[in-house]
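Examination of the molecular architecture
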Amino acid sequence: MSDAPAPAKRTNRINLEITQYRGSKTTLCAGCGHNAITERIIDAFFEMGVDPKRVLKLSGIGCSSKSPAYFLNPSHGFNSVHGRMPSVATGAILANKNMLAIGVSGDGDTGAIGIGQFVHLMRRNLPLIYIIEDNGCYGLTKGQFSPTADLGSKAKNGVVNDLPPIDTCALAIELGASLVARSFSGDKKQLSAVLKAAIAHRGTSMIDVISPCVTFNDHEGSTKSYSYVKDHDEPLGEISFVPYFEDISVEYEAGSTTQVKMHDGSHLFLRKLAEDYNPSDKITAMRMLHETNRRGEFATGIIYIEPDKDDFVGSLNLVDEPLAFLPTERTRPGKAVLDEIMESLR
Amino acid sequence: MSVPVTATEPASAGAQSVVLNDFSIQIATVNGSGSQTANLVLLRSLFQMGIPVSGKNLFPSNIAGLPTWFTIRASHRGYVARKKEIDFLVAMNAETAKDDVMSLEPGRAVVYDAPLKLDELRSDLIFYPVPFDKIVAEVCPDAKLRRLVKNMIYDGILAELLSIELAEMEKALSKQLGRKPKAMALNMGALEGGKKYAAEHLTKRDPYKVGRLDKTTGQILVEGNAAAAMGCMFAGVTVVGWYPITPSSSLPETLIGYMRKYRMDKDGKATFAIVQAEDEIAALGMVVGASWAGARSMTSTSGPGISLMSEFSGLAYYAEVPAVVFDIQRVGPSTGLPTRTAQADLLFVAHNSHGDTKQVMLLPASVEECYQMSMDAFDLAERLQTIIYVMSDLDLGMNTWMSQPFKYPEKPLDRGKVLDEAKVRELGASWGRYKDVDGDGIPWRSVPGTNTPAFFTRGSGHNEMAQYTERPDDYVKNLNRLNRKFETAKSIIPQPIVDRDPAAKVGIIAFGSSDFAVGESRDQLREEAGIKTSYLRIRAYPFTANVDEFIRQHDRIYVVEQNRDAQMLKLLLIDGEARHAVKLRSVLHYNGLPIDARSITDGILEQEKDQR
């Protein structure tokens, strides 16, 4: 052993380098919030030591939905149909429940064409990390409003949005998602902690990430511009995530911090700021969303969490092995079964 | 050995001739009145007496209150298609009774609820008035239960009038109610009460009669949707996404029943996941996701659902994801007549999606084929890495058919070209998800969760290595390979069944549930008009070479189908040899009822007039 070892390449707990978590080169605009989210996803999966071969990446259609190509190259990915990623993810997870699935959607992909599937995905609490890269507009088709655009927000061409927005977090809480968060693509620390919590969580993690569109929605009058978001972001508190494979070394003041034990043994420490906020209570969460909304602000952080809620796969009472890999002996009943059915029809 | 005696003409009232084991019975009731038990007992008792039968439920889109008809055909010749003429009417529904009676041919028989006074309508029919309420009051003291057993009385009446053995009716009844002794006793009382009334008060004046035969020995009675459900289970299906729609729902629902019974592991856990989706888009989305992740997956729907599935249908075609989709066809559109049958989704499904899309269709013509082709569909879907549409219909799927018992599958499952570690070593770095290494247009796919290389799945914007591209030459190359794959399909899909008469100038092409009526029509053409015919039954799309050969061998080809627009004929014109166009003629049936032989025969004879 040398006294002065050469600087080793940084590896994670399963001895993979960060390059294993990268994807193809992004084709999105320079400065797009989505690229920052991609970076956080890469970091979170790397730091959590998730084997990319155990990950499924899914998306619908839109700028956001292109991004799964930009992270986790060793993972299988599926760029599916506009607004229909939840169903594809559902099928894939049913086929192989041992995979960790991450779906990336946009505000149009979720709130407009995909609202039906979104609603039922939340209702099922399918084990899936569902990220909305939310910029309030359609990028690929050149800047039309999406259903998350705020009432009165101004488009680049001067048109003012005259419909109220859909609050995807409120919907998700109402419908049954068991981890609901909102974050900002520019808040590196918070988004990383939220993503890690989502990786540790079993059930639907619905994360609405405000992600400004630098090309079509970053101007004066827009409520999804970088400057507007920075001015109106109201973090619920500081989030510290301690994965199950690390010791809890930090001491937290009792009373000011809520501790949540996650499904996989990880811990979330939510240090309260101004208000006494309990993210495990639906009514509190909904009231907080409405109140911040009334003030023209938006709350970010873990808005709601129910770590032990039954998820959809659990409710199906499936065998332990992935359905996709069951051998014929277990999926094709024997001749006696056919004979029995035939006899019943005579 | 019994030799059936058949009069070719039904006798007029009072005549003594006998029509043995060759007639149709129509029972007209009100939807929701609980007639299904009585109708199935009637059907089953004839079947148990060895007489070939078929049963068709002509029902409204309604839960209760609208008219419904159940038709039973008995045929010593084994004809099981719908018979156009009704020979024996049981008129229980005041609302339709008049129309039902007026539509009968002279000489036919009518059992009716006496207060309806139907005998006043016509003098050329044989009427049997029955005071149902009076009889039911005698056999069922509890007034609340009378509604449930009233229908069983007409079974008793028919047992007496048609000489159906009461013991067989009892056996058939016990098959349905055997576990409920109280209901059994009540219904038997009604059966006997009906029979006794007929024996004491009705004088047999119609010619129809049944006599024991031996033509159903060993056979089963089953609906096509149940047969398809069995096929799916024995094909090893593991993930099902579905959305309720008539006439498809009974397929997944029957499948759920079978799977819960026969596909639970020893520890009580399920080897399957069946999900009722939020709509048909999600149903196929789930199937595509599951198949992509390596599961055997299917959905079942009908025309409106197929419309909603169109976008995923195209994605699966281009991304080359296996899937099995059942289309239990009905007449269109969404708010059309959802409980009436048709074969009218062919053209739509053959090219189901936008862009250049060609879909593989299997065309089952019997319950046995519903079972067999369900298994074939999964093998073909995984072999060809595309959607396989199984095109059944309401008549096949929801009605009751006789069949030889199904055979246990002997072939192992064909899971297609899925990379394993050995294949990865063999192909090495040259593996590309969309690379045609075998010359059949079918690439090797890798499945998530295995120790094989991953790839990114998209529609058509990819090169052989599954990398994103918009290059014109890559796009053309990919489309041409998909065409090669479609050609490969021709050699592995079910081949047509050809019955060629070398002396025949007339050829008939048909498919699916028209088959039984075509067989009967060919007999009529030969026996009544001296016309010999050959017959080719198409069992899958794309068409195989022998379809063109068959057309070449005959002067005139009648394409028989259950739609208005001659959809199969048009597909033949699109894909076949153009010079054949002048030979192709249509016989079309599209009134929502199952096709019958007489309509086919009349349709062919009308056009054959030109040849004389």
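Quantities reported herein were computed from a predicted structural model and do not represent experimental measurements. (Residues numbered from 1 in each chain as written. Chains lettered and ligands numbered in written order. Predicted model: local features only at pLDDT ≥ 70, side-chain atom pairs only at ≥ 80, totals over all residues.)

A look at the overall build of chain A
A count of helical and extended segments in chain A gives 12 helices and 11 strands. For chain A, whose C-alpha radius of gyration is 22 Å, the value lies close to the compact-globule estimate of 20 Å for 346 residues. Overall size of chain A, expressed as C-alpha extent along the three principal axes, is 75 × 65 × 45 Å. Among the 346 residues that make up chain A, the fraction classed as buried is 53%. Across chain A, the fraction of contacts at a sequence separation of at least 24, relative to all contacts at a separation of at least 6, is 71%. (Helix = DSSP H or I, 4+ residues; strand = E, 2+ residues; numbered from the N terminus. Rg over C-alpha atoms; globule rule 2.2 N^0.38 Å. Buried ≥ 20, exposed ≤ 12 C-beta atoms within 10 Å, placed from the backbone. Contact = placed C-beta atoms within 7 Å.)

Examining the overall build of chain B
Secondary structure summary: chain B contains 20 helices and 23 strands in total. Whereas a compact globule of 612 residues would reach a radius of gyration of roughly 25 Å, chain B reaches 27 Å, a difference of no more than 12%. With respect to the three principal axes, the spread of C-alpha positions in chain B is 90 × 70 × 45 Å. Looking at chain B as a whole, 55% of its 612 residues qualify as buried. The contacts in chain B between residues at least 6 apart in sequence include a share of 75% that link residues at least 24 apart.

Remarks on the confidence of the model for chain B
Looking at chain B as a whole, its pLDDT mean stands at 95, while 97% of the residues score no less than 70. This prediction of the complex comes with two scores: 0.96 for pTM and 0.96 for ipTM. (pLDDT = per-residue confidence, 0-100.)

Considering the packing of helix H9 (residues 280–292) of chain B against helix H11 (residues 310–319) of chain B
All names here are of chain B. It is the contact of H9 with H11, at a shortest axis distance of 9 Å, that shows an interaxial angle of 20°. Judged by the inter-axis angle, H9 sits roughly parallel to H11. Of the two elements, H9 crosses H11, and the hand of that crossing is left-handed. Seen from H9, the contacting residues are Ile281, Leu284, Gly285 and Val288; seen from H11, they are Phe312, Leu315 and Ala316. By residue class, the composition of the contact of H9 with H11 is six nonpolar, one polar and no charged. (Axes fitted to C-alpha atoms, helices over the stretch in contact; angles between N-to-C directions. Parallel < 35°, antiparallel > 145°, perpendicular 65-115°, else oblique. Left-handed = near helix turned anticlockwise from the far one by under 90°. Nonpolar A, V, L, I, M, F, W, Y, C, P; charged D, E, K, R; others polar.)

Examining the sheet that holds strand S23 (residues 584–588) of chain B
Residues and elements named next belong to chain B. Strand order in the open sheet formed by five strands is S18-S20-S19-S22-S23, with mixed pairing between adjacent strands. Edge strands, defined here as strands with exactly one partner in the open sheet, are strand S18 (497–499) and S23. Strand-to-strand twist of the sheet, defined as the mean angle between neighbouring strand axes without regard to direction, takes the value 20°. The sheet contact formed by strand S19 (residues 506–511) and strand S20 (residues 533–538) spans six bridges and is parallel. Following the sheet pairing, Ile508 is matched in S20 by Tyr535. Of the strands in this sheet, S19, strand S22 (556–561) and S23 touch helix H19 (residues 567–575), which is tilted by about 130° from S22. Sitting on the sheet, helix H20 (residues 597–608) touches S22 and S23, and the angle it makes with S23 is about 145°. (Pairing = 2+ DSSP bridges.)

Structural notes on the environment of B:Val210
Residue and element names in this part refer to chain B. Looking at where Val210 falls in the secondary structure, it is placed in the loop between strand S8 (208–209) and strand S9 (220–223). Of the residues examined, Val210 has 24 C-beta atoms within 10 Å and is grouped as buried. As for Val210 and Leu20, which are separated by 190 residues in sequence, their C-alpha atoms are 5.5 Å apart. With near-sequence residues (within four places) excluded, Val210 lies in contact with Asn21, Leu46, Met49, Ile51, Ala74, Leu162, Ser163 and Ile164.

Side note on the sheet that holds strand S11 (residues 273–276) of chain B
Residues and elements named next belong to chain B. With mixed pairing, the seven strands of this open sheet are ordered in space as S11-S10-S12-S13-S15-S14-S21. The open sheet has two edge strands with one neighbour each: S11 and strand S21 (540–541). Across the sheet, H9 lies against strand S10 (239–242), S11, strand S12 (297–301) and strand S13 (323–329), angled at about 165° from S12, the strand it touches most.

Points about the pairing of strand S2 (residues 22–30) of chain B
Residues and elements named next belong to chain B. Counted residue by residue, S2 has eight buried out of nine residues, so it is predominantly covered. Alignment of S2 against strand S4 (residues 67–75), held across nine bridges, turns out to be antiparallel. Counterpart to Ser24 in the pairing with S4 is Arg73. Where S2 lies against strand S5 (residues 88–91), four bridges are found, and the strand directions are parallel. Note on S5: the bridge partner recorded for Ile25 is Phe88.

Notes on the nonpolar core
Membership of the largest hydrophobic core comes to 280 residues, with the highest contact counts inside it found for A:Ala92, A:Ala101 and B:Val110. With 10 residues, the top contributor of residues to this core is helix H13 (residues 367–384) of chain B. Apart from the residues lying within four places of it in its own chain, the contact partners of A:Ala101 are A:Leu56, A:Leu58, A:Ala89, A:Ala92, A:Ile93, A:Leu128 and A:Ile129. A:Leu28, A:Tyr138, A:Cys213 and A:Phe216 belong to the second-largest nonpolar core, a separate cluster that totals nine residues. (Core = buried A, V, L, I, M, F, W, Y, C linked by C-beta atoms within 7 Å.)

With respect to the packing of helix H7 (residues 224–234) of chain B against helix H8 (residues 250–262) of chain B
Residue and element names in this part refer to chain B. At a minimum axis separation of 8 Å, H7 and H8 run at an interaxial angle of 45°. Of the possible angle classes, the one that applies to H7 and H8 is oblique. Between H7 and H8 the crossing geometry is right-handed. For the pair H7 and H8, contact is made by Asn225, Ala226, Ala228, Ala229, Met230, Cys232 and Met233 and by Ser250, Leu251, Thr254, Leu255, Tyr258, Met259 and Tyr262, respectively. A per-class count over the contact of H7 with H8 returns 11 nonpolar, three polar and no charged.

As for the interface of chain B and chain A
One widely used convention gives an interface's size as the accessible area the parts lose upon coming together. On the side of chain A, 46 residues touch chain B, which itself brings 51 residues to the contact. Counting only elements with at least two residues in the side of chain B that touches chain A, the list comes to S9, H7, S10, H9, H11 and strand S17 (456–457) of chain B. Considering every element that reaches the side of chain B that touches chain A, the biggest residue donor is H9(B), with nine residues. When the residues that make up the side of chain B that touches chain A are grouped by side-chain class, the tally is 34 nonpolar, 10 polar and seven charged. In terms of strand pairing, strand S2 (residues 76–79) of chain A meets S17(B) through two bridges, oriented parallel. Counterpart to A:Phe78 in the pairing with S17(B) is B:Thr457.

Topic: unusual backbone geometry
Residues and elements named next belong to chain B. Residue Pro247 is bonded to the preceding Thr246 through a cis peptide linkage, with omega at 5°. Tracing the backbone through its elements, the reader meets Pro247 in the loop between S10 and H8. In this model, Asn21 sits at a positive phi of 55°, which is unusual for a non-glycine residue. Mapped onto the elements, Asn21 comes out in the loop between strand S1 (19–20) and S2. Accessibility expressed as a C-beta count within 10 Å gives 27 for Asn21, which makes it buried.

Section: helix H12 (residues 335–344) of chain A
Residues and elements named next belong to chain A. Burial in H12 covers these residues: Leu338, Ile341 and Met342. Buried residues of H12 fall within an arc of 100° about the axis and therefore sit on the same side. Opposite the packed face of H12, turned more than 90 degrees from it, sit the exposed residues Ala336, Glu343 and Ser344. (Arc of directions from axis to C-beta.)

What about helix H3 (residues 85–95) of chain A?
Of all 11 residues in H3(A), 11 are buried; the element is thus mostly enclosed. What H3(A) keeps buried is the set A:Met85, A:Pro86, A:Ser87, A:Val88, A:Ala89, A:Thr90, A:Gly91, A:Ala92, A:Ile93, A:Leu94 and A:Ala95.

Comments concerning the environment of A:Arg10
Of note, A:Arg10 is situated in the segment before helix H1 (33–48). Discounting chain neighbours no more than four positions away, the residues touching A:Arg10 are A:Glu17 and A:Ile18.

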